[in-house]
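Each chain, written out:
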Amino acid sequence: MKILRNFGMQSTMYDPQLMLLFKNKELAAMISIHVDDIKFTGRQNDIDRLVKLLEATFGKMTLQFDKFTNCGMTHERDKSGNIVMHQDEYIQAFKPIHPKHYQGYDIDGPCSEHQQALFMSLLGAVAYTSLTQVWILVYIVALQRKNKQASVSDLKRLNALTRELMRNPQKLYYHCMTPTQILEVYSDSAYSREGDTAHA
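Everything numeric here is computed off the predicted structure, so don't read it as measured data.

Caption draft 1: Main features of the pairing of strand β3 (residues 26–34). Summarising the sheet, strand β2 (residues 18–23) and β3 pair through 6 bridges and their orientation is antiparallel. Within the sheet, the bridge partner assigned to Leu18 lies in β3 and is Ser32. In textbook terms, the turn of a hairpin is the stretch between consecutive antiparallel strands, and for β2 and β3 this stretch comprises 2 residues, one of which, Asn24, has a positive phi near 50 degrees. In this structure, β3 lies alongside strand β4 (residues 37–42), joined through 6 bridges in antiparallel fashion. Note that in β4 the partner of Ile31 across the bridge is Phe40. Turn length for the β3-β4 hairpin, with the two strands adjacent in sequence and antiparallel, is 2 residues, and the turn residue Val35 shows positive phi of about 55 degrees.

Dropping the structure here:
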């Protein structure tokens, strides 16, 4: 963090791990940091200088530009500039809770301490997919109400949700925006004035 501040970057109030570089009051570069995962964007010359600084401090970096995974989120950019973001690899690594951990238990009965730990661990992992799987939010909220004491049926519901998520993961698509060179202005000058205080 110190070397980035010396580089001229400053942390945002929203997240100290998100740092911005301004030049002449214009945003020139930004970087997000999570342990040893970093993601940055900006003007090419500033990126080159930033990479040189980081490599001089921490050693050779693995740089990936058009396809990379950061904190479980895969980013892919095509030649047109369109971007796809997904968590397919992260999601496919899930392991639903094995039936041996709840077979023979009363389905409406409370989870044991061990079952509750399994429930909370899997639910936390599944909740992280809400970054790309918006459809899952309503189910996550419902299951999070059981964080203190889930039932065996809640555990089975979480398993069903996890399996559906693994079967049908969604992707986010961001199409490259190409700004036009036409400025359209719609004025109200065609309307007549009504009195001294109001306009139609």
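Once you've had a look at it, read on.
Caption draft 2: Main features of the sheet that holds strand β1 (residues 9–11). If you trace the 4 strands from one edge of the open sheet to the other, you get β1-β2-β3-β4, paired in antiparallel fashion. Looking at which strands have only one partner, the edges of the open sheet turn out to be β1 and β4. Going from strand to strand, the sheet's axes swing by 25 degrees on average, the running direction of each strand aside. Pairing geometry for β1 and β2, over 3 bridges, is antiparallel. By the bridge assignment, Ser11 is partnered in β2 with Met19. Lying over the sheet, helix α2 (residues 44–58) contacts β1, β2, β3 and β4, oriented at roughly 150 degrees with respect to β4.

Cut-offs and rules
- Residue numbers restart at each chain and count upward from 1, following the sequence in its written direction.
- In keeping with the model being predicted, local features are shown solely for residues with a pLDDT of at least 70 and side-chain atom pairs are shown and tallied solely at 80 or more, while totals for entire chains, interfaces and linings include all residues.
- Calculated side-chain values reflect all of the structure's heavy atoms, with hydrogen atoms and water omitted.
- DSSP-based pairing: two strands are paired if at least 2 bridges between them are found.
- Where helices and strands are cited, they refer to DSSP runs of H or I of at least four residues and of E of at least two residues respectively, numbered from the N terminus.
- In this analysis, axes come from line fits to C-alpha atoms, helices being fitted only over the stretch in contact, and the angle between any two N-to-C directions falls in the range 0 to 180 degrees.
- Working rule for contacts: check all heavy atoms of both residues, and any pair within 4.5 Å makes them a contact.

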